[in-house]
Amino acid sequence: MTLETGLGTIITVRPPTRRWDAKRIASRLWRGARRNPNMAYGIGIVALMVSIAVFADLLFTEPWKPNPLVRFTSPTWSGGHWFGTDNIGRDVWSGTLFGARISLIVAASVSVIAIGAGGLLGMISGFFEKSDMFIMRFVDGLMSIPSILLAMALMALLGGSVQNVIIALSVTETPIAVRIVRSAVLSIREMTYIEAAKAIGVQPVRMIFKHIMPNVVAPLIVQGTFIASAAVLLEAYLSFLGAGTPPEIPSWGVIMAEAQQYITRAIWVIMFPGIFLTLTVLGISLAGDGLRDNLDPRLRRRM
Amino acid sequence: MGAYIIRRLIATIPVLLIVSLIIFSLIHLAPGDPAAIIVGTFATDEQYERVRADLGLDRPILVQLGLWFKDLVQGDLGTSLTSRTPVLKRIQSTILPTFAVAILTEIFAVTLAIPLGVLAAWKANTWIDRVVMVFSTIGYSVPLFWLGFIFIFIFAVKLGWAPAAGYTQPYEDLGDFFVKLILPVVSTGLVVMALIARMTRATVLEVLQEDYVRTARAKGLADTSVLLKHALRNAILPIITVIGVGFALLLGGVVVTENVFAIPGLGRLLVDAISRRDYPIIQGTILIISFIYVLVNLLVDISYAFLDPRIRYK
């Protein structure tokens, strides 16, 4: 940004860090993955889950429908039901693969909505002092209610559907993103280049999008991965407690919730979706830890 | 010290007010008419009117808000829509099992997690550290209820070491009380422990890199006394924060655990209320659990001041 004064001086005001473009992020990630094998495993697991979710129809699945002829079949390699069948003869392999779809859709939607809304509110809160008090009091209040309980209460009123699970979890996860962004904005706001930008009369909206946002992106992406892994777990909890995905849709939580009644007879029905769910959460968290270390070295912690 | 505690107490009031306000407004945030949602599609007009009147939804919203706070101050959380008993009574009769599970789990998790976390930090980048880290990373990825059912299958159904589910009040049969809580406490505890161990390790590792630790080592202090006298003393505050965070996680977790092991606590009450759309019970339970959470955080803050005189004078 340049400004010519009457004396012909040019003042250049630019943010101290480089902009995050896709190429730079990709090269950072590649370098990071080689140095940090955990992150490579994490990304590998997530990629695997995404591909089974996308290609579930091609991976020898059958529709999630009752088949009384094959009730309680134990897992076998030869019999066609690799993960066995449940109490009404539905194929657990198919349910587990379709479940990956629901979980990943919920995880991705919740994290996009939460970091979008949280990012916006956090920046407003950090940048405009008048709104800060109001927004942060509300955020403190929301964060004082354990997220699973708040989500359950919302689901009780909204009714069970995948869309409502996404809404309820976005409400519980947004406050965390607001806090992260606000604290980042508060420290950026004190930097010299912001003062300089203010001095030459940059408008607030432009200031937010051009000067502050690029520096908030890295912590926000990292937080987005942690929100995604929490959303996968919370969807399962909600469905297990009967306040989540409706029973006819095969999400991991729904399959496990139904399987609890006959664990002594068919432990495999609860076991396989649980293992897939654990792997997914593990993969997203490992990837998130790696992202944190690579995208923003200032946030690097030994955790 | 007294002044500090009073200041913290006063600072808690707005949080409690906002929490109550959020829980009050939950019912009004849903699209459509809350009373119609609660009675469902097949209700008669009379049922609908009764629910509307019970919840006070026929009054203007500001009057409702005023009454909500007035009742709250008087300890009145409303009346259950299905059983017609006061919500507070229902909560009082179910809170003991929840406390029992929560407190035993917290003790179990903390006593194992903190030594493990310290050990992992002390032996950073050795096999001990790696084992602890792998265990804790898996630990917080596992769905709590799934672990509970796998434990029931292995330890109750297959091995017969512990009862699968149920609850006995401690004043009826203390031995039975503990035996029945083994599986719930261990399965919930392992998940909470994973988180606490991980955060303890991070905290201690950070402290171990401080200049004064290097100085202590340089002047020839034995490794163990560097750890015990210098590092741990300064790591204690963040570790207490972690215990507080762990308790918050636990309050959500206990709701899940109670429904796995058929423990008649607040979590069961809440889930039953949700299936019956008994909104006063839902609001009351969530309000009480959130208040407990806020109070635990307050205790954590106050314990800082006891442990670190610098905080008292800020």
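Residues numbered from 1 in each chain as written. Chains lettered and ligands numbered in written order. Predicted model: local features only at pLDDT ≥ 70, side-chain atom pairs only at ≥ 80, totals over all residues. Heavy atoms only, no water.

**Let's talk about the overall build of chain B**
Stage number 1. What chain B contains, in helices and strands, is 13 helices and zero strands.
Stage number 2. Going residue by residue from the N terminus, the α and β elements of chain B occur as α-α-α-α-α-α-α-α-α-α-α-α-α.
Stage number 3. Judged by the C-alpha coordinates and their principal axes, chain B covers about 80 × 55 × 40 Å.
Stage number 4. Here chain B, with 314 residues, has 49% of them falling under the buried criterion. (Helix = DSSP H or I, 4+ residues; strand = E, 2+ residues; numbered from the N terminus. Buried < 20%, exposed > 50% of the residue type's maximum accessible area, 1.4 Å probe, protein only.)

**Structural notes on the packing of helix α7 (residues 144-158) of chain B against helix α8 (residues 174-208) of chain B**
Angle between the axes and distance between the axes are the two parameters that describe a pair of packed helices.
Residues and elements named next belong to chain B.
Stage number 1. Two numbers describe how α7 lies on α8: the axes approach to 9 Å, and their chain directions differ by 135 degrees. Between α7 and α8, the crossing angle belongs to the class labelled oblique. Note that α7 runs across α8; the crossing there is right-handed. Two secondary-structure elements touch here, α7 through Leu144, Leu147, Gly148, Phe151, Ile152, Phe155 and Ala156 and α8 through Leu183, Val186, Ser187, Thr188, Leu190 and Val191. (Axes fitted to C-alpha atoms, helices over the stretch in contact; angles between N-to-C directions. Parallel < 35°, antiparallel > 145°, perpendicular 65-115°, else oblique. Left-handed = near helix turned anticlockwise from the far one by under 90°. Contact = heavy atoms within 4.5 Å.)

**What to know about the packing of aromatic side chains**
Stage number 1. Tallied over the full model, the rule gives six aromatic pairs over all chains.
Stage number 2. Considering the side-chain rings of tyrosine 237 of chain A and phenylalanine 145 of chain B, the 5.8 Å spacing of their centres and the 65 degrees angle between planes classify their relative orientation as edge-to-face. Here tyrosine 237 of chain A is found in helix α8 (residues 204-240), whereas its partner phenylalanine 145 of chain B is found in helix α7 on a different chain.
Stage number 3. Under the relative-accessibility criterion, phenylalanine 145 of chain B is labelled buried at 0%.
Stage number 4. Clustering of aromatic rings is evident, with ring pairs tying together Tyr237 and Phe240 of chain A together with Phe145 and Phe149 of chain B. (Phe/Tyr/Trp six-rings, centres within 6.5 Å; stacked < 30°, edge-to-face > 60°.)

**As for a negative patch on the surface**
Stage number 1. Together, Asp45, Glu46, Glu49 and Asp58 of chain B give the surface a local cluster of negative charge.
Stage number 2. Positionally, aspartate 58 of chain B belongs in the loop between α3 (45-54) and α4 (61-73). (Patch = residues over 30% accessible without salt bridge, like charges linked within 9 Å, V, L, I, M, F, W, Y side chains within 5 Å. Areas by Shrake-Rupley, 256 points an atom, 1.4 Å probe, with all protein chains shown as cover. Salt bridge = Lys/Arg side-chain N within 4 Å of Asp/Glu carboxyl O. Lys, Arg positive; Asp, Glu negative; His and termini not counted. Charge placed at Lys NZ, Arg CZ, Asp CG, Glu CD.)

**Observations concerning the pattern of salt bridges**
Stage number 1. Inspection of every chain in the model, using the stated rule, returns nine salt bridges over all chains.
Stage number 2. In this structure, aspartate 301 of chain B and arginine 8 of chain B form a salt bridge, with 2.6 Å as the shortest nitrogen-oxygen distance. Separated by 293 residues along the polypeptide, aspartate 301 of chain B in helix α12 (residues 279-307) and arginine 8 of chain B in helix α1 (residues 2-29) bring together distant segments of the chain.
Stage number 3. Several salt bridges share partner residues, and in doing so they unite Glu129, Arg189 and Glu190 of chain A into one network.

**Some words on the interface of chain B and chain A**
Bring the parts together and some accessible area is lost; that lost area is often taken as the interface size.
Stage number 1. Chain B puts 49 residues into the contact, and the matching count from chain A is 42 residues.
Stage number 2. Across the chain B to chain A interface the summed buried area is about 4,000 Å²; carbon plus sulfur atoms make up 81%.
Stage number 3. Three residues stand out in chain B for area buried against chain A, namely Phe145, Trp146 and Phe149 of chain B, and they jointly supply 16% of the buried area on that side.
Stage number 4. For the interface between chain B and chain A, the tally reads one salt bridge.
Stage number 5. In this assembly, chain B and chain A are joined by four residue pairs in polar contact (both at pLDDT 80 or more). (Buried area = accessible area lost by both parts, 1.4 Å probe. Polar contact = N/O pair within 3.5 Å; in protein donor to acceptor, adjacent residues only side chain to side chain.)

**Focus: helix α9 (residues 252-259) of chain A**
Stage number 1. Of all eight residues in α9 of chain A, seven are buried; the element is thus mostly enclosed.
Stage number 2. Buried positions along α9 of chain A lie against α2 (37-54), α3 (92-127), α8 and α10 (267-295) of chain A together with α7 of chain B.

**Some thoughts on the environment of glutamine 260 of chain A**
Stage number 1. Along the chain, glutamine 260 of chain A turns up in the loop between α9 and α10.
Stage number 2. With relative accessibility at 24%, the residue glutamine 260 of chain A sits in the partly exposed group.
Stage number 3. For the pair glutamine 260 of chain A and phenylalanine 240 of chain A, spaced 20 residues apart in the sequence, the C-alpha separation amounts to 9.2 Å.
Stage number 4. The contacts of glutamine 260 of chain A, once residues within four sequence positions are left out, are Phe240 of chain A together with Phe149 of chain B.

**Focus on the nonpolar core**
Inside soluble globular proteins, nonpolar side chains tend to come together where they are buried.
Stage number 1. Ranked by size, the top nonpolar core spans 170 residues in total, and within it Val106, Met152, Leu169 and Ile212 of chain A together with Phe145, Tyr279 and Ile282 of chain B carry the most contacts.
Stage number 2. Considering every element that reaches this core, the biggest residue donor is α8 of chain A, with 15 residues.
Stage number 3. Taken together, domain 1 (2-73) and domain 2 (92-307) of chain B each give at least three residues to this core, which thus spans both.
Stage number 4. Non-local contacts of methionine 152 of chain A, meaning those with residues more than four positions away in its chain, are made with Leu238 and Leu241 of chain A together with Val255, Leu270, Val271 and Ile274 of chain B.
Stage number 5. In this structure, Tyr4, Val300, Ala305 and Ile311 of chain B belong to the second largest nonpolar core, which totals seven residues. (Core = buried A, V, L, I, M, F, W, Y, C linked by side-chain atoms within 4.5 Å. Domains from an automatic or database assignment.)

**A word on unusual backbone geometry**
All names here are of chain B.
Stage number 1. Even without a glycine there, the phi angle at alanine 262 is positive, about 50 degrees.
Stage number 2. Note that alanine 262 resides in the loop between α10 (223-260) and α11 (266-276).
Stage number 3. With a phi close to 50 degrees, arginine 277 is a non-glycine residue in the positive phi region.
Stage number 4. On the secondary structure map, arginine 277 appears in the loop between α11 and α12.
Stage number 5. The class for arginine 277 is partly exposed, based on a relative accessible area of 33%.

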